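# Reading the structure
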Amino acid sequence: MTGGGDAGTDLHARTTLDKATDENFPVAPFFLPRAWREDLMAVYGYARLVDDIGDGDLAAGSTDARLLGLAPEQADDRLAMLDAFEADLHRVFGNAADPTGPDGGPRHPILRALQPSVRRCALTPEPFLGLIEANRQDQKVRRYETYEDLLAYCELSANPVGRLVLQLTGAASPERIRRSDAICTALQIVEHLQDVTEDLGRDRIYLPAQDMSRFHVREADLAAPTAGASVRALVAYEAERARDLLNEGTPLVGSVHGRLKLLLAGFVAGGSAALKAVAAAGFDVLPGPPKPTKLGLLREVGAVLRGTRREG
């Protein structure tokens, strides 16, 4: 998978990829062509590792720091790790100032796995750099004043993934990218709603401060074991915004055919099912992230496909 890595580093990379099962949506379902599945998992591995670096969720030890050429004591320096990962990303595209990885290529196995997809699909660095920049922003920005500020963050943290999916499958167009951005931003907002407690534990709040003020929600209210009426009203308001974005993006599903249609329907359905899980919890997300069931996800896939059939 990693083009020459040893068994230990390959296992380290697989640990990152195994997190795909925890997502709200199917990352690379079985019905896709093998090449698509491999490309999608390569992109997922990249995005997951960047997030793990930014969140400080790397496995114990200094494996990633060593792979990226850093000293063990730098493993906890998230900005240094992101800088080193970006330098290794440039090796994927063959424009590194220091091409010291295996055969002059990237050092990290996740990036070695990504390189064939980049070449096969003629991917550009911009979406990958956006994901790194989003995680740099997470180290510096802990609160968002307005909804527009949050949307600008999602432009870096979420939208590049959808654009990469369209590029990997040969389906990118300006209108599809616009619809994809709406879906990806919605998915990011839903995830923020599910993870309010976890994010607060990292001293991050993705609920816009203006909205918190409007609903009379204080930061201390988000630390309670369960949500009061004001917090629930705020979460319901943000959930409705995410629903509107999801609806705006859903025609993307009807613009494609075949297995790609099923894949994109799964993304939309994952967001819809997660929103229903949040609503079913009475918008009380503080005890833990409300998660949709597999049956609920399948039902939403069917609903999305039925709703977009006339556009196919």
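Scope of this entry: the structure provided in the associated data block. (Residues numbered from 1 in each chain as written. Predicted model: local features only at pLDDT ≥ 70, side-chain atom pairs only at ≥ 80, totals over all residues. Heavy atoms only, no water.)

### Remarks on the packing of helix 9 (residues 174–194) against helix 15 (residues 258–280)
Angle between the axes and distance between the axes are the two parameters that describe a pair of packed helices. Remark: helix 9 packs on helix 15, axes separated minimally by 10 Å, with the N-to-C direction vectors making an angle of 30°. Classed by the angle they form, the pair helix 9 and helix 15 counts as roughly parallel. In this structure, helix 9 meets helix 15 at a crossing whose hand is left-handed. Within the contact between the two elements, helix 9 uses Ile183, Leu187, Val190 and Gln194 and helix 15 uses Phe267, Val268, Gly271, Ala274, Leu275 and Val278. Of the residues belonging to the contact of helix 9 with helix 15, the class tally is eight nonpolar, two polar and no charged. (Axes fitted to C-alpha atoms, helices over the stretch in contact; angles between N-to-C directions. Helix = DSSP H or I, 4+ residues; strand = E, 2+ residues; numbered from the N terminus. Parallel < 35°, antiparallel > 145°, perpendicular 65-115°, else oblique. Left-handed = near helix turned anticlockwise from the far one by under 90°. Contact = heavy atoms within 4.5 Å. Nonpolar A, V, L, I, M, F, W, Y, C, P; charged D, E, K, R; others polar.)

### Examining empty space enclosed by the protein
Scanning all chains against the criterion turns up one cavity of 30 Å³ or more. Of the pockets and cavities examined, the largest cavity occupies roughly 50 Å³. Among the elements that make up the lining of the largest cavity, the one with the highest residue count is helix 10 (residues 196–201) (three residues). Here the residues of the lining of the largest cavity are counted per class, giving six nonpolar, one polar and two charged. (1 Å grid on protein atoms, 1.4 Å probe; cavity = no way out; pocket = protein on both sides within 12 Å on 5 of 7 lines; lining within 4 Å. Points joined across faces, edges and corners; volume = space filled by probe spheres on them.)

### Details of the environment of glutamine 194
When you line up the elements, glutamine 194 lands in helix 9. Glutamine 194 sits 93 residues away from proline 287 along the chain, and the two C-alpha atoms are 9.9 Å apart.

### Examining the packing of aromatic side chains
For the structure on display, the rule yields eight aromatic pairs. Seen in terms of ring centroids, phenylalanine 30 and phenylalanine 31 are 5.8 Å apart; in terms of plane orientation they differ by 80°. Their pairing is edge-to-face. Phenylalanine 30 sits in the exposed class, given a relative accessible area of 73%. Ring geometry for tyrosine 144 against tyrosine 206: centres 5.8 Å apart, planes inclined by 20°, an arrangement best described as stacked. With tyrosine 144 in the loop between helix 6 (126–140) and helix 7 (147–157) and tyrosine 206 in the loop between helix 10 and helix 11 (209–214), this residue pair connects regions lying 62 residues apart in the sequence. (Phe/Tyr/Trp six-rings, centres within 6.5 Å; stacked < 30°, edge-to-face > 60°. Buried < 20%, exposed > 50% of the residue type's maximum accessible area, 1.4 Å probe, protein only.)

### Description of the nonpolar core
Tyr46, Phe85 and Phe128 are the most contacted members of the largest nonpolar core, which totals 80 residues. Looking at this core, the element that brings in the most residues is helix 15, giving ten residues. (Core = buried A, V, L, I, M, F, W, Y, C linked by side-chain atoms within 4.5 Å.)

### With respect to helix 2 (residues 34–55)
For helix 2, with 22 residues, the first-to-last C-alpha span of 31 Å sits near the 32 Å given by 1.5 Å per residue. Of the residues trailing helix 2, glycine 56 is marked for its positive phi of about 70°. (Expected span 1.5 Å × (residues − 1).)

### A short note on the environment of valine 231
In this fold, valine 231 is placed in helix 13 (residues 229–249). When its relative accessible area of 4% is taken as the criterion, valine 231 is described as buried. In sequence terms valine 231 and histidine 216 are 15 residues apart; their C-alpha atoms lie 8.3 Å from each other. With residues up to four places along the chain from it excluded, the contact list for valine 231 reads Val217, Asp221 and Leu222.

### Let's talk about unusual backbone geometry
Despite not being glycine, aspartate 203 shows a phi value in the positive range, around 60°. Residue placement: aspartate 203 occurs in the loop between helix 10 and helix 11. Of note, the phi angle at phenylalanine 283 is positive, near 65°, even though the residue is not glycine. Mapped onto the elements, phenylalanine 283 comes out in the loop between helix 15 and helix 16 (294–308).

### Topic: the pattern of salt bridges
All told, the structure shown has 23 salt bridges when counted by the stated rule. Between glutamate 248 and arginine 178 there is a salt bridge; the shortest N-O distance is 3.2 Å. Pair noted here: glutamate 248 is in helix 13 and arginine 178 is in helix 9, with a separation of 70 residues, a long-range link. On the basis of relative accessible area, arginine 178 is assigned to the partly exposed category, the value being 38%. A salt bridge links glutamate 238 to arginine 241, with the nearest nitrogen and oxygen atoms 3.5 Å apart. (Salt bridge = Lys/Arg side-chain N within 4 Å of Asp/Glu carboxyl O.)

### Quick notes on the environment of phenylalanine 128
Residue position: phenylalanine 128 is located in helix 6. When its relative accessible area of 0% is taken as the criterion, phenylalanine 128 is described as buried. For the pair phenylalanine 128 and leucine 156, spaced 28 residues apart in sequence, the C-alpha separation works out to 9.3 Å. Setting aside chain neighbours within four positions, we find phenylalanine 128 in contact with Val43, Tyr46, Leu89, Phe93, Leu114, Val118, Leu123 and Leu164.

Function cannot be read off these values alone, since they describe shape.
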